[in-house]
Amino acid sequence: MLLGFSVGLTGALVPGPMLFATIETSLKKGWFTGPKVVFGHIIVEAVIYLMILSGAASLVDSGVISSIFLIGGLSLLVFGFLTIKDARAADISAQISQGSPGSKLTSNPVLIGVVTSVSNPYFWIWWLTASSALILKEYELGVISAIAYMLGHWTADLSWFTIVSGSFSRGKNLLSQKVHRYILYTCGIFLAIFGFYFMLNYNNSIKLA
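Residues numbered from 1 in each chain as written. Predicted model: local features only at pLDDT ≥ 70, side-chain atom pairs only at ≥ 80, totals over all residues. Heavy atoms only, no water.

1. Details of the overall build of the protein
- Secondary structure assignment for the protein yields eleven helices and zero strands.
- Moving toward the C terminus, one meets the helices and strands of the protein in the order α-α-α-α-α-α-α-α-α-α-α.
- For the protein, with 209 residues in total, the buried portion stands at 46%.
- Within the protein, residue pairs in contact and separated by at least 24 positions form 86% of the contacts whose partners lie at least 6 positions apart.
- Working note: accessible area of the protein is about 10600 Å², and carbon and sulfur atoms make up 71% of it. (Helix = DSSP H or I, 4+ residues; strand = E, 2+ residues; numbered from the N terminus. Buried < 20%, exposed > 50% of the residue type's maximum accessible area, 1.4 Å probe, protein only. Contact = heavy atoms within 4.5 Å. Areas by Shrake-Rupley, 256 points an atom, 1.4 Å probe, with all protein chains shown as cover.)

2. So, a nonpolar patch on the surface
- Among the surface-exposed residues, Met1, Tyr139, Val143, Ile147 and Leu151 lie close enough to one another that they form a single nonpolar patch of about 470 Å² accessible area.
- At three residues, the largest contribution of residues to the nonpolar patch is made by helix H10 (residues 143-171).
- Within the fold, Met1 resides in the segment before helix H1 (2-13).
- You can call Met1 exposed: its relative accessible area is 52%. (Patch = residues over 30% accessible without salt bridge, like charges linked within 9 Å, V, L, I, M, F, W, Y side chains within 5 Å. Salt bridge = Lys/Arg side-chain N within 4 Å of Asp/Glu carboxyl O.)

3. Quick word on the packing of helix H3 (residues 33-54) against helix H8 (residues 121-128)
- Where H3 meets H8, the closest approach of the two axes is 11 Å, and the angle between their N-to-C directions is 35°. Considering how the two elements wind past one another, H3 and H8 form a crossing that is right-handed. Touching His41, Val44, Glu45, Ile48 and Ile52 of H3 are Phe123, Trp124, Trp127 and Leu128, all from H8.
- Of the residues in the contact of H3 with H8, the class split is seven nonpolar, one polar and one charged. (Axes fitted to C-alpha atoms, helices over the stretch in contact; angles between N-to-C directions. Left-handed = near helix turned anticlockwise from the far one by under 90°. Nonpolar A, V, L, I, M, F, W, Y, C, P; charged D, E, K, R; others polar.)

4. Some points on the packing of aromatic side chains
- Counted according to the given criterion, the structure contains four aromatic pairs.
- Their ring planes at 70° and their centres at 5.2 Å tell us that Trp31 and Phe32 sit as a pair that is edge-to-face.
- When its relative accessible area of 42% is taken as the criterion, Phe32 is described as partly exposed.
- Here the aromatic rings of Phe123 and Trp124 are separated by 5.8 Å at their centres, their planes lie at 85°, and the arrangement is edge-to-face. Here Phe123 matches Trp124 in class, with each residue buried.
- The structure contains a cluster of three or more aromatic residues connected by ring pairs, namely Phe123, Trp124 and Trp127. (Phe/Tyr/Trp six-rings, centres within 6.5 Å; stacked < 30°, edge-to-face > 60°.)

5. Quick notes on helix H9 (residues 130-141)
- Along its twelve residues, H9 runs 17 Å from first to last C-alpha, staying within 8% of the 16 Å computed at 1.5 Å per residue.
- Just beyond H9, the residue with positive phi is Gly142, at close to 135°. (Expected span 1.5 Å × (residues − 1).)

6. Observations regarding the pattern of salt bridges
- Evaluated as defined, the whole model comprises one salt bridge.
- For Lys137, the salt bridge goes to Glu140, with nearest N and O atoms at 3.8 Å. One end of the pair is Lys137 and the other is Glu140, both in helix H9 and three residues apart, which spans about a single turn.
- Among the residues examined, Glu140 registers a relative accessible area of 63% and is labelled exposed.

7. Looking at the confidence of the model for the protein
- Considering every residue of the protein, the mean pLDDT works out to 76; 72% of them sit at 70 or more.
- Confidence, read as mean pLDDT per element, is least for helix H5 (residues 92-98) in the protein (42) and greatest for H3 (91).
- Note on residues 90-105: pLDDT under 50 across the span, and 24 contacts to partners over four residues away in sequence or across chains. (pLDDT = per-residue confidence, 0-100.)

8. Brief notes about the environment of Ala192
- Structurally, the position occupied by Ala192 is in helix H11 (residues 177-208).
- Of the residues examined, Ala192 reaches a relative accessible area of 7% and is grouped as buried.
- In this structure, the C-alpha to C-alpha distance between Ala192 and Leu82, residues 110 residues apart in sequence, is 9.6 Å.
- When near neighbours in sequence (up to four residues on either side) are disregarded, Ala192 contacts Leu76, Leu77, Gly80 and Phe81.

9. Some points on the side chain of Thr25
- Residue position: Thr25 is located in helix H2 (residues 17-29).
- Thr25 sits in the buried class, given a relative accessible area of 0%.
- At a separation of 3.4 Å, a polar atom in the side chain of Thr25 contacts the side chain of Glu24. (Polar contact = N/O pair within 3.5 Å; in protein donor to acceptor, adjacent residues only side chain to side chain.)

Set out below in structure tokens:
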């Protein structure tokens, strides 16, 4: 379990799409956003975990990963632009209480956890390579060890993202409307940058093929 916690915490601490999406949504929905986002993330990881144990993960080829770069990049690009659109609202408090057309898509924390996980190609690369090796190594020691690894991994994710959402949700009452909007802009821009970056890597892989 300690190994899973250490590996999970290392991944959670690295800034990525899920982190910025959690920050953006925490400003609207409060501290419980973090656990909900992680729950969506866990749903995806649980499926991959079972795939690895069943051997199905070995059937995934480089073409699938390449497609994830393109589809994931487009998804994050849309996600980022919707966040920027929400941030442009003249009255942030009204946006939070009533929601905007864009926020209806981007404000479901569980869905955010799912989308930011499956749309990140590096998430898949990690899970289908290094992480799968760790899981299978733990499985050699027994089912209990394999389960303990995942519980440790998810505990790390849950701990970190709860701290993040708790910090930003408590601080939102201290933020001016202008600062609040700039934070949303920053999150949206970073999500869009991730999207462009993933799509660029897809184009490069096509050129090298």
